[in-house]
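So the chains spell out like this:
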Amino acid sequence: MSFVRTYSKPGVFAGAVLGALVVGAVLGIVARTTGASWLTTTLDQIGTVFTTLLQIAVIPLVFTAIVVGINSLRNLGGGKTAARLGGKTVLWFATTSFIAVLIGIAIGKIVNPGSGGVAAEATARNTQRAAEATGGSWTAFIEGLLPQNFVAAFAEGETLQVLFLAILFGAAAYSLGDRAKPFVDLAESLFEIVQRYLGWIVRLAPIGVLGLIGAAVAQYGDALFGALAWLTGAVWIGSALVLFVVYPILLKFVAKISPARFFGKAWTAIQFAFVSQSSAATLPLTRQSAVNLGVNPGYAAFATPLASATKMDGCAAVFPAIGAIFIANISGVTLSIWQYVGIVFVAIFGALATAGTTGWLTALTLTTGLIGLAPQQVALGLALIYSVNPIMDMARTATNVAGQIVVPAIVARGEGLLDDDVLRTPSAPPLLSDTGAKPQLA
């Protein structure tokens with residue numbers, strides 16, 4: 001899902017962003033060819049203001065999203081059955097995210113989007129910055145994980161430290177139950193405020209993109225457009241591998257479901273996700289697709305909403321891996337082995353931070369923050385990604401939704417909650433809302 005949904009006509013917003021991309025590129029070319037430094041400076045200032053407004057929300061977004069996400073797991077249902085099912089569901093979320101992020105890294109390394117002339121010039125311009133962002137070791141990772149104090153982590157904008165604190169505080173609040181409810185309610189309120197703020201700022205994306213892309217073209221030339229094409233292709237390839245290779249293998253050998261039957265019953269949901277670019281909007285179809293595959297309606301009733309918020313193999317695993325490599329390449333940064341470990345870490349454990357937010361944006365921000373890319377480098381990458389994001393989001397969201405159906409099917413098979421008679425039935429059973437039946441766990 002995306003904050004641009006706050007527009008009454010998302011297509012108009014996408015058109016405005018693409019239009020800003022074109023105008024910004026033209027202005028950048030003019031600035032580069034005429035040597036108009038004042039134009040380059042103006043474009044850079046516009047982009048910097050937009051980036052600063054976005055960065056203001058990153059730290060509170062990360063902290064509140066993770067605290068709220070962890071405590072939302074309490075709503076899985078009642079009793080030991082729900083706890084067991086919830087645990088297995090989350091475990092499979094992590095397993096498939098691990099596979100997806102490895103595919104993302106592999107495709108990112110093979111396609112290497114953003115490399116070439118752009119990276120060479122960026123390296124020349126950002127030698128010191130690149131050197132600072134390239135380092136990394138396990139010791140440095142541990143030291144960077146632990147804040148000197150609670151306030152310093154937030155004041156200094158240390159994303160990794162805030163992530164660490166959010167997990168600790170979220171887990172502590174979860175363990176305290178009702179005694180921590182005031183804190184969780186406060187976190188939820190702050191979370192909603194941050195989302196609303198971001199919704200307002202993202203409305204300025206066309207202006208921000210104009211400034212950022214204009215300044216980038218003025219500095220690096222038109223080599224960026226080839227980089228965008230490679231980035232988009234890499235995301236589509238990575239998403240397709242997860243959707244049409246990984247999921248069918250898991251379905252056939254773990255869930256014991258024919259991939260052809262799965263796609264036959266889930267294709268409507270996948271297709272709608274592709275067009276709408278929204279996991280939340282697809283949720284009713286996602287749940288019904290799981291039921292059509294024989295998943296117990298009670299389990300499907302809480303597994304698919306949980307999945308729609310936190311199970312995003314496209315947006316939170318494949319894409320952040322490729323996106324981080326892209327941003328590193330256009331910045332002239334060579335990622336270390338520990339930075340790749342960080343990318344995997346975020347894909348597995350950072351999914352909760354995407355709950356109810358702009359999943360791709362939160363995931364990419366967490367990833368780039370953890371591996372130490374400079375804010376200026378990330379800002380340029382975000383500007384470029386925004387320009388082609390609607391194209392990439394179609395493939396990412398389709399993959400997200402397919403995974404949100406696959407995992408409940410796998411868990412249901414293992415728990416004896418998958419009805420093979422329903423699975424073999426060509427026609428879909430009636431919706432729960434049509435029958436008046438209430439979800440019940442077996």
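1. Notes on the overall build of the protein
If you tally the helices and strands in the protein, you get 20 helices and zero strands. With 442 residues in all, the protein has 54% of them scored as buried. As displayed, the protein has an accessible area near 18,100 Å², and 67% of this comes from carbon and sulfur atoms.

2. Focus: the pattern of salt bridges
Applying the stated criterion across every chain, the model contains six salt bridges. Its salt-bridge partner being Lys181, residue Asp185 comes within 2.9 Å of it at the nearest N-O pair. Here Asp185 and its partner Lys181 are both found in helix α9 (residues 181–202), four residues apart, which amounts to about one turn of the helix. By relative accessible area, which is 30% here, Asp185 ends up partly exposed. According to the relative accessible area criterion, Lys181 is partly exposed, its value standing at 45%. Across the pair Arg396 and Asp393 runs a salt bridge, and its minimum N-O distance is 2.9 Å. Taken together, the positions of Arg396 and Asp393, both in helix α18 (residues 375–414) and three residues apart, correspond to about one turn of that helix. We classify Arg396 as buried; its relative accessible area is 0%. Residue classification places Asp393 among the buried residues on the basis of a relative accessible area of 2%.

3. Focus: the nonpolar core
Among the nonpolar cores identified, the biggest contains 119 residues, and Ile257, Phe262, Phe326, Leu335, Ile343, Trp360 and Ile385 are the most heavily contacted of them. By residue number, the principal contributor to this core is α18, which donates 19 residues. The residues contacting Ile257, other than those within four sequence positions of it, are Leu251, Lys252, Phe262, Leu293, Ala409, Arg413, Leu418 and Leu423. The next biggest cluster of nonpolar side chains, apart from the first, holds six residues, and it includes Ala31, Ala36, Leu39 and Leu43.

4. Focus: unusual backbone geometry
Glycine aside, residues mostly have negative phi, and peptide bonds are mostly found in the trans state. Here Asn112, not a glycine, exhibits a phi torsion of approximately 55 degrees, which is positive. Within the fold, Asn112 resides in the loop between α3 (79–111) and α4 (117–125). Given a relative accessible area of 27%, Asn112 falls into the partly exposed group.

5. Some details on the confidence of the model for the protein
Of all residues in the protein, 78% attain a pLDDT of 70 or more, and the chain-wide mean is 78. Of all secondary-structure elements in the protein, the lowest mean pLDDT belongs to helix α20 (residues 432–435), at 38, while helix α19 (residues 420–424) reaches the highest, 93. Of the regions scoring below 50 in pLDDT, residues 126–138 engages in 25 contacts with residues more than four places distant in sequence or in other chains. Below a pLDDT of 50 lies the segment residues 353–358, which in the model reaches 26 contacts outside its immediate sequence neighbourhood of four places, other chains included.

6. What about the packing of aromatic side chains?
In total, this model carries ten aromatic pairs according to the counting rule given. Ring geometry for Trp236 versus Phe274: centroids 5.8 Å apart, planes at 90 degrees, classification edge-to-face. With a gap of 38 residues between them, Trp236 in helix α11 (residues 223–255) and Phe274 in helix α12 (residues 259–276) connect regions that are remote in the sequence. Taking the relative accessible area as the measure of exposure, Trp236 reaches 33% and is therefore partly exposed. Exposure remark for Phe274: the relative accessible area of 29% places this residue in the partly exposed category.

7. What to know about the environment of Thr368
Within the secondary structure layout, Thr368 lies in helix α17 (residues 359–371). According to the relative accessible area criterion, Thr368 is buried, its value standing at 1%. For the pair Thr368 and Val378, spaced ten residues apart in sequence, the C-alpha to C-alpha distance is 7.1 Å. In this structure Thr368 touches Ile327, Leu373 and Val378, once residues within four positions along its chain are discounted. A polar atom in the side chain of Thr368 sits 2.9 Å from the backbone oxygen of Leu364.

8. Some remarks on a nonpolar patch on the surface
Taken together, the side chains of Ile237, Leu241, Phe244, Val245, Ile249, Phe253, Val254 and Trp267 make up a nonpolar region of the molecular surface, amounting to roughly 710 Å² of accessible area. Here the nonpolar patch takes seven residues from α11, the largest share from any one element. Turning to its location among the elements, Leu241 is positioned in helix α11. For Leu241, a relative accessible area of 32% corresponds to the partly exposed category.

9. Here's the deal with helix α15 (residues 313–330)
The end-to-end C-alpha distance of α15 is 24 Å, a good match for the 26 Å that 18 residues give at a rise of 1.5 Å each. Residue Phe319 marks the point of greatest curvature in α15, where the axis turns by about 40 degrees; the proline Pro320 follows within four residues. Along α15, 18 of the 18 residues are buried, which leaves the element largely enclosed by surrounding structure. Gly332 sits one or two positions beyond α15 and adopts a positive phi of about 75 degrees.

10. Examining the packing of α15 against helix α16 (residues 337–349)
When two helices pack together, their arrangement is captured by the angle between the axes and the distance separating the axes. For the pair α15 and α16, interaxial distance at closest approach is 9 Å and the crossing angle is 155 degrees. Considering the angle they form, α15 stands roughly antiparallel to α16. Along this stretch, α15 crosses α16, giving a crossing that reads as right-handed. Contact residues: α15 offers Ala316, Ala317, Ala321, Ala324 and Ile325, while α16 offers Tyr340, Ile343 and Ala347. Here the residues of the contact of α15 with α16 are counted per class, giving eight nonpolar, no polar and no charged.

11. Details of the side chain of Thr367
Following the sequence through the fold, Thr367 ends up in helix α17. Of note is the side chain of Thr367, whose polar atom sits 2.7 Å from the backbone oxygen of Ala363. Contact partners of Thr367, with chain neighbours within four places excluded, come to Pro320, Ala324, Ile343 and Val346.

Thresholds, definitions, all that
- Residues numbered from 1 in each chain as written.
- Predicted model: local features only at pLDDT ≥ 70, side-chain atom pairs only at ≥ 80, totals over all residues.
- Heavy atoms only, no water.
- Helix = DSSP H or I, 4+ residues; strand = E, 2+ residues; numbered from the N terminus.
- Buried < 20%, exposed > 50% of the residue type's maximum accessible area, 1.4 Å probe, protein only.
- Areas by Shrake-Rupley, 256 points an atom, 1.4 Å probe, with all protein chains shown as cover.
- Salt bridge = Lys/Arg side-chain N within 4 Å of Asp/Glu carboxyl O.
- Core = buried A, V, L, I, M, F, W, Y, C linked by side-chain atoms within 4.5 Å.
- Contact = heavy atoms within 4.5 Å.
- pLDDT = per-residue confidence, 0-100.
- Phe/Tyr/Trp six-rings, centres within 6.5 Å; stacked < 30°, edge-to-face > 60°.
- Polar contact = N/O pair within 3.5 Å; in protein donor to acceptor, adjacent residues only side chain to side chain.
- Patch = residues over 30% accessible without salt bridge, like charges linked within 9 Å, V, L, I, M, F, W, Y side chains within 5 Å.
- Expected span 1.5 Å × (residues − 1).
- Bend = angle between axes of the 7 residues up to and from the residue.
- Axes fitted to C-alpha atoms, helices over the stretch in contact; angles between N-to-C directions.
- Parallel < 35°, antiparallel > 145°, perpendicular 65-115°, else oblique.
- Left-handed = near helix turned anticlockwise from the far one by under 90°.
- Nonpolar A, V, L, I, M, F, W, Y, C, P; charged D, E, K, R; others polar.

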